[in-house]
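These are the residues of each chain, in order.
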Amino acid sequence: IQECNTIDLYSPWVKDVFPELPVIEDGYMMLPDKPGLGIEINEDAIADYAWEPVDRPVMIETDGAIGLE
């Protein structure tokens, strides 16, 4: 399972850093025709966006299930 729900795909920094994002149709990420994940990174644009830590709680229940908080 691959999840990509932690970023806003339409935010300005995403469009600047990742000029071409994978296509998502009907909840599925389409296979790219480029090597690897098919994602290119604009390394010049990365310098414009400072890294900020994200406080993301661990949501694993005592039985090992993923919790909803």
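Remember, predicted model here, so these are calculated numbers, not experimental data.

1. Examining the overall build of the protein
- Across its full length, the protein carries two helices and two strands.
- Expressed as a percentage of the 69 residues in the protein, the buried residues total 10%.
- Here the contacts in the protein between residues at least 6 apart in sequence split such that 30% fall between residues at least 24 apart.
- Summed over its atoms, the accessible surface of the protein is roughly 6,700 Å², and 56% of this surface lies on carbon and sulfur atoms.

2. Considerations on a nonpolar patch on the surface
- On the surface, L37, I39, I41 and I46 cluster together into a nonpolar patch covering about 380 Å² of accessible area.
- Classification of I46 as partly exposed rests on a relative accessible area of 39%.

3. Considerations on the confidence of the model for the protein
- Per-residue confidence for the protein gives a mean pLDDT of 79, with 87% of residues at or over 70.
- The element-level mean pLDDT for the protein is lowest in strand 2 (residues 28-29), coming to 79, with helix 2 (residues 43-46) highest at 91.

4. Here we look at the pattern of salt bridges
- By the definition in use, this model includes two salt bridges.
- Salt-bridge contacts for K34 lead to E40; the nearest nitrogen and oxygen are separated by 3.4 Å.

5. Some thoughts on a negative patch on the surface
- Residues D16, E43, D44 and D48 make up a contiguous surface patch of negative charge.
- Among the secondary structure elements, E43 is positioned in helix 2.
- Since its relative accessible area comes to 63%, E43 is described here as exposed.

What counts, and where the lines are drawn
- Residues numbered from 1 in each chain as written.
- Predicted model: local features only at pLDDT ≥ 70, side-chain atom pairs only at ≥ 80, totals over all residues.
- Heavy atoms only, no water.
- Helix = DSSP H or I, 4+ residues; strand = E, 2+ residues; numbered from the N terminus.
- Buried < 20%, exposed > 50% of the residue type's maximum accessible area, 1.4 Å probe, protein only.
- Contact = heavy atoms within 4.5 Å.
- Areas by Shrake-Rupley, 256 points an atom, 1.4 Å probe, with all protein chains shown as cover.
- Patch = residues over 30% accessible without salt bridge, like charges linked within 9 Å, V, L, I, M, F, W, Y side chains within 5 Å.
- Salt bridge = Lys/Arg side-chain N within 4 Å of Asp/Glu carboxyl O.
- pLDDT = per-residue confidence, 0-100.
- Lys, Arg positive; Asp, Glu negative; His and termini not counted.
- Charge placed at Lys NZ, Arg CZ, Asp CG, Glu CD.

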